[in-house]
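For reference, the chains in residue letters:
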Amino acid sequence: MDLFSSRQQEFERRHIGPDEAETAEMLKTVGVDSMETLIEKALPAAIRLTRPLQLPPAQDEFRYLEALKSLAARNKVGKSFIGQGYYDTITPSVILRNVFENPGWYTQYTPYQAEISQGRLECLLNFQTVVSDLTALPVANASLLDEGTAAAEAMHLLFAHKNKGEAHPPAPRFFVDEKVFGQTRDVLETRSQPLGITLVYGDYRTASLDGSFFGALLQYPDSEGEVRDYRDFIRQAHEADAAVVMACDLLSLTLLTPPGELDADIAVGSAQRFGVPMGFGGPHAAFFAAKDEFKRLIPGRIIGVSVDNEGNHALRMALQTREQHIRREKATSNICTAQALLANMAALYAVYHGPEGLKRIAQRIHLLCILLGKQLQKAGFPPVTGNCFDTLKIAVKDEAALREKAGALAINLRYYGDGHVGISLDETTTPEDVNLLLQLFGAGELQLPEGNGAPQSGGIPRALQRSSSYLQHPVFNTHHSETEMMRYLKYLEQKDLSLNTAMIPLGSCTMKLNAATQLIPVSWPEFSRIHPFAPADQTAGYRLLLTQLEDMLAELTGLAACSLQPNSGAQGEYAGLMVIRAYHRGRGESHRNVVLIPVSAHGTNPASAVMAGMRVVVVQCDEQGNIDIADLREKAAAHQDDLAALMVTYPSTHGVFEEGIRDICSIIHKHGGQVYMDGANMNAQVGLTSPGLIGADVCHLNLHKTFAIPHGGGGPGMGPICAAAHLAPYLPGHRMGNTGGEKAIHAVSSAPFGSASILLVSYAYLRLLGASGLRKASEYAILNANYMKARLDGHYRILYSGRNGTCAHEFIIDLRPFKSAGIEAEDVAKRLMDYGFHAPTLSFPVAGTLMVEPTESEDKAELDRFCEAMIAIRGEITAVAEGHADKKDNVLKNAPHTQLAVCSSGWSHPYTREQAAFPLDYLRRQKFWPSTGRINNTYGDRNLICTCEPVAAYA
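Rules and cut-offs
Residues numbered from 1 in each chain as written. Predicted model: local features only at pLDDT ≥ 70, side-chain atom pairs only at ≥ 80, totals over all residues. Heavy atoms only, no water. Helix = DSSP H or I, 4+ residues; strand = E, 2+ residues; numbered from the N terminus. Rg over C-alpha atoms; globule rule 2.2 N^0.38 Å. Buried < 20%, exposed > 50% of the residue type's maximum accessible area, 1.4 Å probe, protein only. Lys, Arg positive; Asp, Glu negative; His and termini not counted. Charge placed at Lys NZ, Arg CZ, Asp CG, Glu CD. Phe/Tyr/Trp six-rings, centres within 6.5 Å; stacked < 30°, edge-to-face > 60°. Lys NZ or Arg CZ within 6 Å of the ring centre and 35° of its normal. UniProt positions renumbered as here; feature names shortened; annotations may be inferred. Contact = heavy atoms within 4.5 Å. Core = buried A, V, L, I, M, F, W, Y, C linked by side-chain atoms within 4.5 Å. 1 Å grid on protein atoms, 1.4 Å probe; cavity = no way out; pocket = protein on both sides within 12 Å on 5 of 7 lines; lining within 4 Å. Points joined across faces, edges and corners; volume = space filled by probe spheres on them. Nonpolar A, V, L, I, M, F, W, Y, C, P; charged D, E, K, R; others polar. Pairing = 2+ DSSP bridges. Axes fitted to C-alpha atoms, helices over the stretch in contact; angles between N-to-C directions. Expected span 1.5 Å × (residues − 1). Arc of directions from axis to C-beta.

Remarks on the overall build of the protein
Working step 1: Per the secondary structure count, the protein includes 29 helices and 25 strands.
Working step 2: Here the protein has a C-alpha radius of gyration of 28 Å; the compact-globule value for 955 residues is 30 Å, and the two agree.
Working step 3: Considering only C-alpha atoms, the protein reaches an extent of 85 × 70 × 65 Å along its principal axes.
Working step 4: Within the span of the protein, comprising 955 residues, buried residues form 65% of the whole.
Working step 5: Each charge class in the protein can be summarised by its mean position, and for the 87 positive and 104 negative side chains these summaries are 1 Å apart.

This is the structure in structure tokens:
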């Protein structure tokens with residue numbers, strides 16, 4: 001390779017951990033002579049790709065960014081007044097640089113290991129407090145995917161709550177006001193159909209609810225900007241025993257009477273305008289707040305207050321079994337990934353501005369909106385909107401002429417198509433922008449009132465003006481200078497272990513490198529400041545990029561077409577099953593509703609199946625962890641008349657390339673079903689095999705795993721689906737975007753392309769690695785796992801191997817034999833924190849085990865460091881088992897050890913401080929300290945507190 005062509009492989013060498021010499025050593029440890037030999041042993045020959053991937057050649061990082069700048073230039077950043085749930089906003093630079101662009105924040109994992117996650121847990125608790133205070137409802141979760149899906153989750157919760165799982169629900173109807181955002185109505189259509197929910201649209205003012213209704217949805221302010229008093233409707237709904245959901249604008253609630261004070265039962269919405277860019281649709285943090293009676297039904301995650309083993313204040317995910325997908329087919333939600341990074345940004349935006357700052361932002365917007373309306377009325381354009389916060393609806397004589405004139409001024413309005421236009425103002429709107437709008441209408445100039453104060457009248461009726469206080473906790477009233485904010489952000493960051501600290505070997509999670517070059521463009525205004533409903537001629541760069549990404553993902557999966565709309569892995573599962581459902585219905589086989597799911601499957605699989613209106617039949621696994629083909633064949637035959645699909649993960653959740661996978665797919669097809677492949681383990685497939693080659697009809701891809709989107713501490717994620725040609729016509733569409741097949745199902749996400757801006761990350765990953773680099777990434781993911789397996793085998797029992805004794809890209813360590821010594825898997829997980837590591841996946845898919853996935857990005861030194869830690873822990877377990885260490889007071893049972901505990905003047909343990917904190921030499925050079933001791937989960941659930949406590953509680 002010459003000096004110049006070698007540049008194309010530079011990123012490959014930076015992404016993949018082991019170098020050539022390390023690779024040779026690792027192969028020797030595994031017991032093979034070459035990478036090709038290892039892959040031949042691990043992967044069944046029948047499913048090996050025999051041709052190279054047809055992808056564009058790899059680019060070096062500099063050339064890639066240069067090319068992307070040209071593509072970005074094809075997007076036009078107009079001044080957006082479109083609204084409809086998406087608004088331009090100002091991300092404070094201190095948050096942009098120290099959170100959004102900081103690997104200490106964006107490479108964190110979901111805070112299941114709370115002792116090394118206290119920073120983001122505190123920040124998410126702040127988010128819950130913001131939502132709870134502004135909505136005046138007592139319990140809020142730590143974010144959902146978008147406003148449309150949050151509304152759908154509320155609908156599903158209330159349906160289940162009212163009808164109690166009855167086969168013939170007595171109250172199947174849900175009222176939806178006609179002024180709810182259109183994209184939300186589309187998502188409701190998708191989610192209601194398979195559950196037998198009847199949506200009833202109408203005007204809330206004339207609606208009459210009876211006992212057949214379980215709930216209703218209102219928009220506040222409504223989709224045309226009107227601020228309406230819903231008190232009478234809410235009272236009438238409650239008299240009919242129906243609950244009321246209000247979809248709210250969070251910023252407007254600084255001025256408007258909040259939903260809780262109107263007696264609404266649930267509030268949902270988007271926190272996007274709290275400093276999170278539009279990003280052509282996302283990602284943004286949705287919120288969900290509810291009355292106390294619903295707290296154990298709320299979907300997603302709730303952060304709660306607890307104590308550690310020393311009685312100190314600590315935070316954790318409360319009611320963890322309430323994460324509905326853990327309940328499998330009994331779940332009322334499949335939510336797994338949330339929008340943690342964006343929720344943190346929104347919370348920090350509130351921390352930085354404080355209650356008065358937020359109110360001033362809202363007052364500026366509202367003042368400009370009132371003045372704009374008055375000036376337009378003087379010029380003969382009376383607003384249709386009466387009471388308003390930030391949005392006006394205007395009647396115009398020539399909508400087409402206005403659109404052309406607005407385009408020339410780079411102004412984007414909402415066009416109703418009936419002689420009306422909508423104008424929504426936002427945080428970025430200035431008096432100069434309003435004058436530009438007035439110029440567009442020929443309506444003179446803005447007349448600011450003396451002193452530029454808040455409007456004394458108009459816009460918001462007195463009965464809906466907020467009088468209650470909010471955000472009174474000191475955290476929202478302290479960090480208002482950039483110095484204070486910068487230090488607060490660092491204080492939080494240092495509490496958390498992320499990929500810039502150590503490897504995070506979580507099985508089935510693929511915590512690989514999130515390269516800086518892949519992430520930089522997400523902040524570029526040409527991508528971040530584009531409204532998802534912007535005119536097509538302003539989004540040419542985005543659309544070309546997304547088309548190329550769809551084509552590349554289809555090629556990687558060996559399938560015909562791709563939809564980028566699902567904005568999480570679980571959403572991808574749901575979308576794939578809904579496509580299968582539509583396919584069967586299109587063939588006149590709507591009775592096909594049985595889904596076969598292996599017992600080892602992730603809980604979101606059966607949860608998604610139930611949400612898609614399907615009946616789950618569980619398939620057993622054999623002693624080797626493979627799908628029991630005899631059981632599968634028997635159940636497929638028994639359900640051949642109503643079989644809809646099989647949901648299968650490959651490689652399996654047990655970390656093995658199952659030899660019988662093609663036979664499994666053939667059995668399903670023979671009995672009239674479709675094969676849905678869960679893409680959670682795609683990191684072992686890319687370039688080596690593909691779902692299409694194996695026999696799958698549709699699959700979802702976790703772009704936040706295989707394709708390098710950061711996990712963000714629990715989101716964002718993306719879960720696009722790829723489908724075979726016969727399913728492609730049913731891929732999801734959207735009312736506002738040219739996407740989906742000719743027989744498209746309704747939208748599954750609020751925006752046409754889901755969380756579009758982070759698709760840039762996966763696009764970059766593919767363009768930087770190219771076909772050869774992608775194949776090598778899969779090979780090294782398999783090598784790294786097999787190397788660690790070889791090193792730890794003998795010290796621990798390794799569950800499940802392929803026919804040749806190999807694993808795929810992950811493997812399972814069995815810790816159940818140590819229960820006789822009183823040591824649990826959780827003890828090992830917590831002790832790993834003392835060694836500076838995040839534990840592997842705990843007790844999934846087998847209870848009492850750890851599932852390890854190192855990814856291709858870790859070098860041999862880091863793999864060895866983890867193995868040495870595990871071997872040392874094995875010695876500590878032996879010491880307990882043989883009686884050399886106390887059975888109850890030992891380094892495992894007391895783990896993790898905080899700096900405060902180790903430095904305390906009182907040390908009563910029978911082991912030394914050095915054994916507690918510095919068990920291996922590398923820890924003397926660099927030590928990550930857990931910020932809290934082991935957390936008392938039971939205490940936190942029995943004393944549920946989900947908002948910021950008084951400062952005294954932190955003392």
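Read on, since the account is not over.
Side note on the packing of aromatic side chains
Working step 1: Applying the stated criterion across every chain, the model contains 23 aromatic pairs.
Working step 2: Geometrically, the ring pair formed by F280 and Y542 is stacked, given 4.5 Å between the ring centres and 25 degrees between the ring planes. Here F280, found in the loop between β7 (266-270) and β8 (286-290), pairs with Y542, found in helix α17 (residues 540-557); they are 262 residues apart in sequence, far enough to count as distant. Of the two residues examined, F280 and Y542, each falls in the buried class.
Working step 3: Clustering of aromatic rings is evident, with ring pairs tying together F175, Y204, Y220, Y230 and F233.
Working step 4: Positioned above the aromatic ring of Y415 is the side chain of R403, whose terminal nitrogen or guanidinium carbon lies 4.1 Å from the ring centre.

Comments concerning the UniProt feature "modified residue: N6-(pyridoxal phosphate)lysine" (unreviewed entry) in the protein
Working step 1: The positions UniProt marks with the feature "modified residue: N6-(pyridoxal phosphate)lysine" (unreviewed entry) are K705.
Working step 2: With respect to the helices and strands, the residue K705 is situated in the loop between β20 (698-700) and β21 (721-723).
Working step 3: For K705, the residues in contact, after removing those within four places along its chain, are S508, C509, T510, K512, A680 and H711.

A look at the UniProt feature "domain: Glycine dehydrogenase C-terminal" (unreviewed entry) in the protein
Working step 1: UniProt records the feature "domain: Glycine dehydrogenase C-terminal" (unreviewed entry) at residues 777-897, using the numbering of this structure.
Working step 2: Annotated as residues 777-897, this span is 40% helix and 11% strand, and its ends, taken at the C-alpha atoms, are 36 Å apart.

Details of the nonpolar core
Working step 1: Counting 237 residues, the largest nonpolar core has F441 and L553 as the members making the most contacts within it.
Working step 2: A total of 23 residues in this core trace back to one element, the largest contributor, which is helix α11 (residues 340-378).
Working step 3: With near-sequence residues (within four places) excluded, F441 lies in contact with L376, F381, I394, V396, L402, V421 and I423.
Working step 4: Counting residues in each nonpolar core, the second largest holds 35 residues, with A151, A171, L199 and V245 among its members.

Some details on empty space enclosed by the protein
Working step 1: Scanning all chains against the criterion turns up ten cavities of 30 Å³ or more.
Working step 2: For the largest cavity, the lining is made up of 26 residues, of which Q84, G85, Y87, F181 and D249 are closest to its centre.
Working step 3: Of all elements in the fold, only β5 (213-220), β6 (243-249) and β14 (420-424) reach the threshold of two or more residues within the lining of the largest cavity.
Working step 4: Looking at the lining of the largest cavity residue by residue, the classes come out as nine nonpolar, eleven polar and six charged.

Some points on the sheet that holds β20
Working step 1: Strand order in the open sheet formed by seven strands is β15-β21-β20-β19-β18-β16-β17, with mixed pairing between adjacent strands. A strand with exactly one partner marks an edge of an open sheet, and here the two such strands are β15 (561-563) and β17 (615-619). If you compare each strand with its neighbour and ignore which way they point, the axes differ by 25 degrees on average.
Working step 2: With three bridges joining them, strand β16 (residues 594-598) and strand β18 (residues 643-649) adopt parallel strand pairing. Note that in β18 the partner of V595 across the bridge is A645.
Working step 3: Running over the sheet, helix α20 (residues 629-638) touches β16, β17 and β18 and is turned about 150 degrees from β17.

Details of the pairing of strand β23 (residues 811-814)
Working step 1: Taking every second residue as pointing to the same face, both faces of β23 are buried, with F811 and I813 on one and I812 and D814 on the other.
Working step 2: Bridge analysis of β23 against strand β25 (residues 849-852) gives four bridges, and the strand direction is antiparallel. Paired with F811 across the two strands is V852, which belongs to β25.

A few points about the pairing of β8
Working step 1: Counting buried positions along β8 gives five out of five residues, so the element sits mostly inside the fold.
Working step 2: Note: strand β2 (residues 139-140) against β8, two bridges, orientation antiparallel. Residue pairing for β8: A140 is matched across the bridge by A289.
Working step 3: Of the pairings in the sheet, the one linking β7 to β8 comprises five bridges and is antiparallel in character. Following the sheet pairing, G269 is matched in β8 by F287.

Things to note about helix α18 (residues 569-586)
Working step 1: With 18 residues, α18 should reach 26 Å at 1.5 Å per residue; the first-to-last C-alpha distance of 26 Å fits that figure.
Working step 2: Most of α18 sits out of view: 16 of its 18 residues are buried.

Overview of helix α14 (residues 482-493)
Working step 1: Relative to the 16 Å expected for twelve residues at 1.5 Å per residue, α14 spans 16 Å between its end C-alpha atoms, a close match to the ideal helical length.
Working step 2: The complete set of buried residues in α14 reads M485, Y488, L489, L492 and E493. With its buried residues spanning 135 degrees around the axis, α14 presents them on a single face.
Working step 3: Buried residues in α14 make contact with α5 (93-100), α6 (103-106), α7 (118-135) and α11.

Focus: the sheet that holds strand β11 (residues 391-395)
Working step 1: As summarised here, the arrangement of the three strands in space is β11-β14-β13, forming an open sheet in which the pairing is antiparallel. Where the open sheet ends on each side, the last strands, each with one partner, are β11 and β13 (414-415).
Working step 2: One ladder, built from five bridges, connects β11 with β14; its direction is antiparallel. Pairing of K393 across the sheet is with G422, part of β14.
Working step 3: Contacts from α11 reach β11 and β14 within the one sheet, and its direction differs from that of β11 by about 10 degrees.

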